[in-house]
Amino acid sequence: MKRAQPIETRQLLHSEPPIFEQGSPGRSGASLPPLDVPAVDPVAHFGALARAADPELAEVSEVEVTRHFTRLSRWNYAIDIGLYPLGSCTMKYNPKVNERVARWPGFAGLHPAQPPSSLQGALALMWSLERLLCEIGGFARATLQPAAGAHGELAGLMMIRAYHQDRGRHPTQVLIPDSAHGTNPASCTLNGFTTVPLKTGADGLLDLDALRAAANGETAALMITNPSTLGLFEERIAEIAEVVHRAGGLVYMDGANLNALLGKVRPGTTGVDVMHINLHKTFTTPHGGGGPGSGPVGVVAALEPFLPTPTIEKEGTSYRIEYARPKSVGRLRSFFGNFGMHVRAYTYIREMGGEGLTRATEMAVLNANYLRARLQGAFPLAYDRPSMHEVVFTDKRLKKETGVQTLDVAKRLMDYGYHPPTIYFPLPAVTGGAGALMIEPTETETPETLDAFADALLSIVEEAVENPQLVKDAPHQTAIGRLDETLAARKPRLRWTKQSST
Amino acid sequence: MRYLPHTEADVARMLKVIGAPAVEALFAHIPAAVRSQRPLDLGPALDEAALLDHLGEIAAQSRPAGAEGALSFLGAGLTPHHVPTAVDALLGRAEWYTSYTPYQPEISQGTLQAIFEFQTIVAELFGLGVANASMYDGASAAAEAILMAKRVTGRGHAVISAGLHPHYVATAETYLSGLTDSFQLAPLDDRTGRTTLSELGEVSCLVVQSPNYWGVVEDLPALAQAAHARGALLVVATTEPLAYGALESPGACGADIACGEGIGLATGPSLGGPGVGLFAARTEHTRKLPGRLIGETVDHQGRRGYVLTLATREQHIRREQATSNICTNQGLIALAFTIHLCLLGRRGWRELSALNLAKAEYAKRQLASLRGFSLRYTAPTFNEFALRVRGGDAARAVEKLAEHNLFAGVAENDTLLVSVTEKHRKGDIDRLVKELNEVLP
């Protein structure tokens, strides 16, 4: 008998055709008010610009729409179903109270073009959230405008460029460790910077000598993730910052892993000049199947003049929207950012308080280290250093002994009822053809859940020894099997058409 | 702490397995010099009842234009529509909002198929072959369209219509600021309100919004011809996709890329975010698209399924050579948009569009007939229009009416921009006409 067994999946799960293959011509689920003013004929009004043919939308009732999207939803895994240990994604529980509050008319019903006098509550909330994030991150000011982490990177790099230009400097390069998220180099390109990759040292940390060799007058910034995507705290962060600053550059921190530092380290006091914060990771706003996120950016005082417009300012007891910022990098999107996410993050922070957030970080790190202890006998660590909120294993031993690889293990985990961890990332862990499992349990998981998950992984290792094909053919319990991604890319079908339905 | 399950016994047992004497020992490798010197000062932790009281107090300090008792004609880039109750009811299913990006297709078919349907709907609305899985918002989508036009044409200079929403123009300026690219503005005709073009030159694209910021419907076929004559792309942006229920689609008018904002049809205005950036293009440009794409495929048994595809354009594969840095998008709001469009269907879409046109035309005629007002532009409009206010100060009139929760429109100098939709009954419009007439000296 193994430690764990695949789950039973006997629930009714309807296969659900695209909505465009359902319904009947002329059917509609709309509930529209009557026309109480004279009708206007679009052809008479717009002439040749009037639409000739309706778009091919579905023709279904509200009941059909409800069933369709309810049935589809059941094909999704979700945090509310179980552990979702995607490394660096911080899939923690999303409190229900946040969802309730964000839907109140006093927040959701606000139009951005209302006079500021009628928006005082919203401006107060944004102003307060900025202060809370600055206290947590150790920064002077922050912008809430970026819509996601990568958008925050763009904003941060722009402020860095503006800072240098303000001093008559035009450095062209950004140094990026090879363990960085792909968004880091992509954001540099979008900003006109060239990227200089820094190889991770043998100890898994940023190599100071490599940094010293690379940093020079062309260095606009270093982009560093701390803890890194390997789950390791960059212990030499102060020296790193000193090297970069001495070369005239600034230090940008990717705050994707801030969940490991709440109450323990305030990045702005460690030599970091700019940092984005993913509200959808550390501060519990939901990921929504891929978004919306929110990527506020904190800066030290020297960068404050360059913050995007507008900012929210407090004067006495009232709040105003400040547009006149001559050195600002400008606007990154419409209106004020993903305000609904600001409401949720603010609600969460106020519920937790400083002690609660600190405890969250402690339990996140405890959970990751517990899984590490339970699993390191079966999966070698990518780097054997103290882990923070996540731990990265490799499949070196398993692959060598059984031929079973990371992808197979990930797919087999589904049969045991789990979403797999992040796989084949970060780059330093997958050199030489190894596969990597990057596991971040988060603080909201119980030790019982972690034990069951560890047992599942250990059972899969046993299966790989006894019957490797069973693991290589996984998943077996899901309603659909491994999908042909090559076909999808070779003959792209990116929208439904009548032809594709036959 | 209700989200943190660990009892002290749990912690003790886990530490034993780890081999650490205390939780604090797990942080011991962090140098003291970079450790926090004091506890976080974030105010006291609040229980749920106190939390709801506190947030309720904050919410009460605003007067929402979208609440009971208020009457709002605010648009200017965000036109709130009635979103059926079923949309948010379905969105509230945790399988949608507590899932991540669908990296593991076997257990993410719900999100994948829904976004595939979203891509289909956006492509249909815009009359183009392919749409992506969403952008942050309309403004960043327009900026990304300019960058994409450069990838297609190899040219770095763009022309942007002065009728593009000012936030979109500002965002484009920010996005281009680090690159060698530039743009110039094409002015609006002072009489018609439509974009006027002088010689275009060797540009990557012409970006126009239709209906434009002032509500004016642009002559897209003529603009497409002008752009294509110089080998440039036509990029059509819109802050009101519903207009294309009544108007010929951008694609049919010759647009190469269409983009826009879908928030008004998806969710509450929520101070402008989160919304959903729409992005579509001609099929031949598929591999130049920014952002995620969902494609149809089959599993090993031949069953239809969906996956993330053509990811070699994206940052997690291509890093510095990616078409964009976007990762997280606006998936959940894209889902809301999809559900609403499915509820409306072909007939509902056309009828909703016709309602908006008729109501706005009624309001336009009534207001333009007032002594103090005249139409700012002559070209046709859809559900938003600009009025010139006699005496010049539109803002003062708006502020005065806002005190009584009548949000009459968006004022700029002597111009008042009024948005009228299916949400407004004839009586609402008549009230606006009456109160605007009275507030003017």
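Values in this document were obtained by computation on a predicted structure and should not be read as measured data.

What counts and what doesn't
- Residue positions are given per chain, counting from 1 as you read along its sequence in written order.
- All chains are assigned letters beginning at A, and all ligands numbers beginning at 1, according to the order in which they are written.
- With pLDDT at 70 or above as the cut-off, local features in this predicted model cover only qualifying residues; side-chain atom pairs require 80 or more to be listed or tallied, and sums for whole chains, interfaces and linings still use all residues.
- Side-chain calculation: all heavy atoms of the structure are included, whereas hydrogens and water are not.
- The aromatic pairing rule takes the rings of Phe, Tyr and Trp, using the six-membered ring of Trp, and pairs them if the centres are within 6.5 Å, calling planes under 30 degrees apart stacked, those over 60 edge-to-face and the rest tilted.
- Strands here mean DSSP runs of E at least two residues long; helices mean DSSP runs of H or I at least four residues long; both are numbered from the N terminus.
- Each residue's exposure class comes from its accessible area (1.4 Å probe, protein chains only) as a fraction of the maximum for that residue type: buried when under 20%, exposed when over 50%, partly exposed otherwise.
- Whether a charge sits over a ring depends on NZ of Lys or CZ of Arg being within 6 Å of the ring centre and within 35 degrees of the ring normal.
- Note: two strands are recorded as paired if DSSP finds a minimum of 2 bridges between them.
- Whether two residues touch is decided by their heavy atoms; if any such pair falls within 4.5 Å, the residues are in contact.
- Whenever a helix is involved, its axis is fitted only over the stretch in contact; in every case the axis is a line through C-alpha atoms, and angles between N-to-C directions fall within 0 to 180 degrees.
- Roughly parallel means an angle under 35 degrees; roughly antiparallel means over 145; roughly perpendicular covers 65 to 115; every other angle is labelled oblique.
- Crossing chirality is assigned from the near helix's rotation relative to the far helix, an anticlockwise turn below a right angle marking it left-handed and a clockwise turn marking it right-handed.
- Side-chain classes follow a simple rule in which Ala, Val, Leu, Ile, Met, Phe, Trp, Tyr, Cys and Pro form the nonpolar group, Asp, Glu, Lys and Arg form the charged group, and the remainder, Gly included, forms the polar group.
- Reported domain spans reflect what an automatic or database domain assignment gives.
- The buried area of a pairing is the accessible area, by a 1.4 Å probe, that goes missing from both parts when the two are put together, added over both.
- In what follows, salt bridge is the name for a side-chain nitrogen of Lys or Arg lying within 4 Å of a carboxyl oxygen of Asp or Glu.
- Here a polar contact is taken to be a pair of N or O atoms separated by no more than 3.5 Å, where protein atoms must pair a possible hydrogen donor with a possible acceptor and residues adjacent in sequence count only if both atoms sit in side chains.
- Expected helix span is taken as 1.5 Å per residue step, with the number of steps being one fewer than the number of residues.
- In summary, the charge assignment counts Lys and Arg as positive and Asp and Glu as negative, without counting His or the chain termini.

S.K.: Help me understand the packing of aromatic side chains, please; the structure alone is not making it clear to me.
M.R.: What characterises a pair of aromatic rings is the spacing of the ring centres plus the angle enclosed by the ring planes. Taken as a whole and judged by the stated rule, the model has 14 aromatic pairs over all chains. The interplanar angle of 80 degrees and the centroid separation of 5.2 Å between the aromatic rings of Y418 of chain A and F453 of chain A together place this pair among those described as edge-to-face. Of this pair, Y418 of chain A sits in the loop between α12 (406–415) and β11 (422–423) while F453 of chain A sits in helix α13 (residues 447–466), and the two are 35 residues apart along the sequence. Comparing Y418 of chain A with F453 of chain A shows no difference in burial state: the two are buried. It is K264 of chain A that lies over the ring of F27 of chain B; its NZ or CZ is 4.8 Å from the centre. It is K314 of chain A that lies over the ring of W127 of chain A; its NZ or CZ is 5.0 Å from the centre.

S.K.: What am I meant to see in the sheet that holds strand β8 (residues 277–281) of chain B here?
M.R.: Pairing between sheet strands relies on hydrogen bonds along the backbone, with the strands arranged either parallel or antiparallel. Residues and elements named next belong to chain B. Strand order in this open sheet of seven strands is β2-β8-β7-β6-β5-β3-β4, and the pairing throughout is mixed. With partners counted over all chains shown, the strands left at the sheet margins are β2 (130–131) and β4 (182–186), one partner each. When strand β5 (residues 205–209) meets strand β6 (residues 233–238), the two strands line up parallel, connected through five bridges. Bridge pairing in β6 links C205 to L233. Running over the sheet, helix α6 (residues 138–153) touches β3 (157–161), β5, β6, β7 (257–261) and β8 and is turned about 165 degrees from β7.

S.K.: Would you explain the packing of helix α5 (residues 120–137) of chain A against helix α10 (residues 339–375) of chain A in this entry?
M.R.: To characterise two packed helices, one gives the angle between the axes of the helices and the distance between these axes. Residues and elements named next belong to chain A. It is at 10 Å that the axes of α5 and α10 come closest, and there the two elements cross at 45 degrees. What the angle tells us is that α5 and α10 run oblique. Here α5 and α10 pass one another in a crossing that is left-handed. Residues A122, L125, M126, S128, L129, L132, L133 and I136 of α5 form the contact with α10, whose participating residues are F339, H342, V343, A345, Y346, I349, R350 and L357. Along the lines of polarity and charge, the residues of the contact of α5 with α10 split into 13 nonpolar, two polar and one charged.

S.K.: I would appreciate a short explanation of the domain arrangement of chain B in the present structure.
M.R.: Where interface size is given, it is often the accessible area lost as the parts come together that is meant. Residues and elements named next belong to chain B. According to the domain assignment, chain B contains domain 1 (71–82 + 346–439) and domain 2 (86–339). Computed over C-alpha atoms, the centres of domain 1 and domain 2 are 28 Å apart. With 25 residues of domain 1 at the interface, the matching set in domain 2 holds 27 residues. Here domain 1 meets domain 2 over a buried area of about 2300 Å², counting both sides, of which 64% is carbon and sulfur. Our count for the domain 1 to domain 2 interface comes out at one salt bridge. Where R376 meets D190, a salt bridge forms, and the shortest distance between an N and an O atom there is 3.0 Å. At the junction of domain 1 and domain 2, the tally comes to ten residue pairs in polar contact (both at pLDDT 80 or more). Counting only elements with at least two residues in the side of domain 1 that touches domain 2, the list comes to α11 (331–368), β12 (384–389), β14 (410–412) and β15 (415–419). For the side of domain 1 that touches domain 2, the leading source of residues is α11, giving four residues. Of the residues contributing to the side of domain 1 that touches domain 2, the split by class is 13 nonpolar, nine polar and three charged.

S.K.: Hey, could you run me through the interface of chain A and chain B in this one?
M.R.: Contacts between chain A and chain B engage 199 residues on the former and 185 residues on the latter. Counting each side, the surface lost to burial between chain A and chain B is near 16500 Å², with a carbon and sulfur contribution of 64%. Interface area lost by chain A to chain B is led by L49, R51 and L494 of chain A, which between them contribute 5%. In this structure, the connection of chain A to chain B is made through 14 salt bridges. A salt bridge links E124 of chain B to R495 of chain A; the shortest N-O distance between them is 2.9 Å. The tally of links between chain A and chain B comes to 98 residue pairs in polar contact (both at pLDDT 80 or more). Residue composition of the side of chain A that touches chain B, by class: 108 nonpolar, 56 polar and 35 charged.

S.K.: How do you make sense of the domain arrangement of chain A when you look at a structure like this?
M.R.: Residues and elements named next belong to chain A. The assigned domain composition of chain A is domain 1 (97–351) and domain 2 (360–487). Centre-to-centre separation of domain 1 and domain 2, based on C-alpha positions: 31 Å. Facing 25 residues of domain 1, the contacting portion of domain 2 comprises 21 residues. The junction of domain 1 with domain 2 conceals about 1700 Å² of combined surface from both sides, 58% of it contributed by carbon and sulfur atoms. The interface formed by domain 1 and domain 2 contains two salt bridges. A salt bridge links E362 to K264, with the nearest nitrogen and oxygen atoms 2.7 Å apart.

S.K.: Teacher, can you tell me more about the pattern of salt bridges here?
M.R.: Side-chain pairing between opposite charges can occur once the charged atoms of the two side chains come close. All names here are of chain B. Taken as a whole, this structure holds 62 salt bridges over all chains when the rule is applied. In this structure, R93 and E95 form a salt bridge, with 2.8 Å as the shortest nitrogen-oxygen distance. Its salt-bridge partner being D428, residue R425 comes within 3.9 Å of it at the nearest N-O pair. With a relative accessible area of 15%, D428 lands in the buried category.

S.K.: It is not clear to me how the sheet that holds strand β5 (residues 250–254) of chain A should be interpreted in this structure. Could you clarify?
M.R.: Residue and element names in this part refer to chain A. As summarised here, the arrangement of the seven strands in space is β1-β7-β6-β5-β4-β2-β3, forming an open sheet in which the pairing is mixed. Here the strands that pair on one side only, and so sit at the sheet edges, are β1 (141–143) and β3 (194–198). The sheet shows a mean angle of 25 degrees between the axes of neighbouring strands, taken without regard to direction. Pairing of strand β2 (residues 173–177) with strand β4 (residues 219–225), which is carried by three bridges, proceeds in the parallel orientation. Bridge pairing in β4 links Q173 to T219. Along the sheet, helix α6 (residues 149–166) makes contact with β1, β2, β4, β5, β6 (274–276) and β7 (297–299), crossing β5 at roughly 175 degrees. With respect to the sheet, helix α7 (residues 183–190) is in contact with β2, β3, β4 and β5, its orientation differing from that of β2 by roughly 170 degrees.

S.K.: Is there a simple way to explain α5 of chain A in this structure?
M.R.: At 3.6 residues per turn, the α-helix brings residues three or four places apart onto the same side. Residue and element names in this part refer to chain A. Compared with the 26 Å implied by 1.5 Å per residue over 18 residues, the 25 Å span of α5 between its first and last C-alpha is a close match. Counting buried positions along α5 gives 17 out of 18 residues, so the element sits mostly inside the fold. Two residues or fewer after α5 comes G138, characterised by a positive phi angle close to 75 degrees.

S.K.: I keep staring at the environment of G245 of chain B and nothing clicks. Help me out?
M.R.: Counting through the fold element by element, G245 of chain B comes out in the loop between β6 and β7. In this structure the C-alpha to C-alpha distance between G245 of chain B and W349 of chain B, which are 104 residues apart in sequence, comes to 6.1 Å. Not counting residues within four places of it along the chain, the set of residues in contact with G245 of chain B comprises R51 of chain A together with W349 and S353 of chain B.

S.K.: Can you help me understand the side chain of E240 of chain B in this one?
M.R.: Residue and element names in this part refer to chain B. You can see E240 is positioned in the loop between β6 and β7. An unpaired buried charge is present at E240: no salt bridge exists, and K423, the closest side chain of opposite charge, is 11 Å distant. Polar contacts involving the side chain of E240 include one to the side chain of N383, which spans 2.9 Å.

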